[in-house]
Amino acid sequence: MKRPMAWVGLSFFSALILFCIYGLQAAIAGGLVSLCLLLLLLCIPRARRQRLFQVLCLAVLAASLLISAQIKLVLEPVLSYVGKTLPVTAQVVSLTESRNGRYYTILLVTQAGGEKVRFRLRYSGKTPLPAEPYDTVEATLRIDALGESEAARRSYRAKGIFLRGSTYEPVTVTPRENVSLACRLLELRKGMLAALNRYLPGEEGKLLGGMLLGETAPVSEKVIQDFRTCGVSHLLAVSGLHTSLWAMFLFRMLQKLKWSRRVSAACSMGFVLFFMGLAGFSPSVTRAGIMMLLYLGGFLLRREPDSLNSLGLAALVILFANPFAAADLGMLLSFSATAGVLLLQKPFARVLERPAQHMPAGLLRKACKGVAELLAVTLAAIVFTLPVSILSFGQVSLIAPLANLLFVNAGGAAMLCAGLCAALSHAWIFSFLAYPFALIGGLLSQYLLGGTALLSKLPFASVSLEPGASALWLAGTVVLLAIVLLDRNRTQHLARLAALCSAFALLAGVFAYTLMGRNLTAITMADVGNGTAIVLTRG
């Protein structure tokens, strides 16, 4: 069986996505069905040779057992505290962020109501907690469920946060006694964000902080929506682009200094681990970090790892640590984009580079090939992230290919400048070297802000799709894909026909939704803290 880790990781990941969405009963049913299929395959002599189907059944069964244990042993005991007011002892494990006039901090609860426990909750208050990272706080908290919708609750659970707490009583703070590595990383993260806001106090500094460390809380909703409309919101999520840029930047720099390839790879691997910790070990950055560690490890062992196997292994490592991470939007987008690039980038590049093959050798031909390669990567990622984007946001960015061509390279350069600016600002007498990087990063961020704001205003930059229609389109696409995979001849004609049918169905759904949405008035309740805001939109 070729690429076993890719098959196991993909089936394990897919099963956990369904179990996280549909709950414990779906997990039990999926586990029973996979167990019955596995026993059936083992009983039939001919089927025993089908190792792939046996492995897939085992992966689904393992996913069922893991999520069931996590729900019964972790989630349900924690949710039993909902609606209670208890004395709590907890440790501050995040920086405080501000949204709509309220302050939020993640607490690791170690004692609740006199019982020893261990879970995370999101503290909310009108004033920030008077505590530093890894200080101990004692307070009487009102504990409630976290998240207004099931999708929001799944998002928080993916980050290991299950409840929210608030109090109107005084909070007792005990300063930390020892400074751990995790505490130092949080302090460094805080210092880097403060440095960026000091050198670039406007929206530019907030954007660079979001691009460098994924700190999107200070970024305005308008900027986030502009990036989403243009299909470049991945620039604000620390993922493969960020990790690979930093790792390869350091790797190439060390090689320029005449360091050996193995030593350069070892140093770069250490930096990847450091960057993962600095970014908070989010699912997307952990996926990218594991794949980059495997890639760099190939230089140490003088072996080239298989990218799809590495992707499957990364999924297994992350999901065994936290099976709820399967429903994290950032992880879904990160994995789907990476799978798309690995599977479709080369075929797309071959097609897009054909016009450049007839050009005379020179600068123009190289430029056209570079544009074709970048466009191939963009289209490959879009194809695989399209279902996730439609189901999550209910919209499709039609301008994404152009926006990625215009902004991805600029975003990568801006992120590198932001990192160098934040690092050099703490270099004592050499801190003046941070100014040129702040200047370049600020100019690039202005270009990103202005460009995304301009493109997002274009007609049909982004189109919406009704939720029921999107689910129906996805189900039909899955059926077409299954037909193509089960076709023994594997003809390209059938694959192209299936792709055309899927694309036509999507465009028809978008057109119908746009046509029916004309001259309709939408009423939206906006979250503005303690006030009330109603937004009326004329379709």
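Below is a summary of the structure that appears in this document. Here the structure is a predicted model, which means the values were calculated and not measured.

About the criteria used
- Every chain is numbered independently, its residues counted from 1 as its sequence is written.
- The predicted origin of the model limits local features to residues at a pLDDT of at least 70 and limits the giving and counting of side-chain atom pairs to 80 or more, whereas totals for whole chains, interfaces and linings rest on all residues.
- Only hydrogens and water are removed before side-chain values are computed, so all heavy atoms of the structure are retained for them.
- Each helix is a run of H or I in the DSSP string that is no shorter than four residues. Each strand is a run of E no shorter than two, and both are numbered from the N terminus.
- Relative accessibility thresholds used throughout: buried, under 20% of the residue-type maximum; exposed, over 50%; partly exposed, between the two (1.4 Å probe, protein chains only).
- The contact definition used throughout considers only heavy atoms, calling two residues in contact when any of these lie within 4.5 Å.
- The Shrake-Rupley method, run with a 1.4 Å probe sphere, supplies the accessible areas, and residue values consider only the shown protein chains as cover.
- A pair of strands counts as paired when DSSP detects no fewer than two bridges linking them.
- Throughout, an axis means a line fitted to C-alpha atoms (over the contacting stretch in the case of helices), and angles, computed between N-to-C directions, take values from 0 to 180 degrees.
- Any angle that is under 35 degrees is reported as roughly parallel, and any over 145 degrees as roughly antiparallel; angles of 65 to 115 degrees are reported as roughly perpendicular and all others as oblique.
- Two helices that cross are described as forming a left-handed crossing if the nearer one is turned anticlockwise from the farther one by less than a right angle, and a right-handed crossing if clockwise.
- Gly counts as polar in this scheme, as do all residues outside two lists: the nonpolar Ala, Val, Leu, Ile, Met, Phe, Trp, Tyr, Cys and Pro, and the charged Asp, Glu, Lys and Arg.
- Each patch is assembled from residues with relative accessible area greater than 30% and no salt bridge, linking like charges that lie within 9 Å and nonpolar side chains (Val, Leu, Ile, Met, Phe, Trp, Tyr) that lie within 5 Å.
- For salt bridges, the criterion is a side-chain nitrogen of Lys or Arg within 4 Å of an Asp or Glu carboxyl oxygen.

## Let's talk about the overall build of the protein
Moving on, step 1. Helix and strand content of the protein: 18 helices and 11 strands.
Moving on, step 2. Expressed as a percentage of the 539 residues in the protein, the buried residues total 43%.
Moving on, step 3. Residue pairs at least 24 apart in sequence account for 68% of intrachain contacts in the protein once pairs closer than 6 positions are excluded.
Moving on, step 4. When the accessible surface of the protein is split by element, carbon and sulfur atoms take 65% of a total near 29,200 Å².

## Re the side chain of Gln345
Moving on, step 1. Take Gln345: it is sitting in helix H12 (residues 329-352).
Moving on, step 2. Ignoring anything within four residues of it in the chain, the contact list for Gln345 reads Gly340, Glu373, Ala376, Val377 and Ala380.

## Some thoughts on the pairing of strand S3 (residues 102-112)
Moving on, step 1. Extensive coverage of S3 is indicated by the burial of eight of its 11 residues.
Moving on, step 2. With five bridges joining them, strand S1 (residues 85-92) and S3 adopt antiparallel strand pairing. Its bridge partner being in S3, Ala90 is matched across the sheet by Val109.
Moving on, step 3. Where strand S2 (residues 97-99) lies against S3, three bridges are found, and the strand directions are antiparallel.

## Points about the pairing of S1
Moving on, step 1. Pairing of S1 with strand S5 (residues 136-145) involves seven bridges; the strand directions are antiparallel. Bridge assignment links Thr89 to a residue of S5, and that residue is Glu138.

## With respect to the packing of helix H1 (residues 4-22) against helix H11 (residues 307-321)
Moving on, step 1. Direction vectors running N to C along H1 and H11 enclose 40°, while the axes themselves pass 7 Å from each other. It follows from the interaxial angle that H1 and H11 lie oblique. Along this stretch, H1 crosses H11, giving a crossing that reads as left-handed. Across the interface between the two elements, Pro4, Met5, Ala6, Val8, Gly9, Phe12, Phe13 and Leu16 from H1 touch Leu308, Asn309, Gly312, Leu313, Ala315, Leu316, Leu319 and Phe320 from H11.
Moving on, step 2. Of the residues that constitute the contact of H1 with H11, the class distribution is 13 nonpolar, three polar and no charged.

## With respect to a nonpolar patch on the surface
Moving on, step 1. On the surface, Trp428, Ile429, Phe430, Phe432, Leu433 and Tyr435 cluster together to form a nonpolar patch covering roughly 790 Å² of accessible area.
Moving on, step 2. Here Leu433 shows up in the loop between helix H15 (400-424) and helix H16 (434-456).
Moving on, step 3. Assessed through its relative accessible area of 34%, Leu433 is described here as partly exposed.

## Overview of helix H6 (residues 203-213)
Side chains of residues three or four places apart in an α-helix project in the same direction, reflecting 3.6 residues per turn.
Moving on, step 1. With nine of 11 residues buried, H6 lies mostly within the body of the structure.
Moving on, step 2. Looking at H6, one finds that the buried residues are Glu204, Gly205, Leu207, Leu208, Gly209, Gly210, Met211, Leu212 and Leu213.

## Some words on the environment of Ser244
Moving on, step 1. Here Ser244 is to be found in helix H8 (residues 240-256).
Moving on, step 2. Here Ser244 falls in the partly exposed class, since its relative accessible area comes to 26%.
Moving on, step 3. Taking C-alpha positions, Ser244 is 8.3 Å from Gly289, a pair spaced 45 residues apart along the chain.
Moving on, step 4. Apart from residues no more than four positions distant in its own chain, Ser244 is found in contact with Phe249 and Met292.

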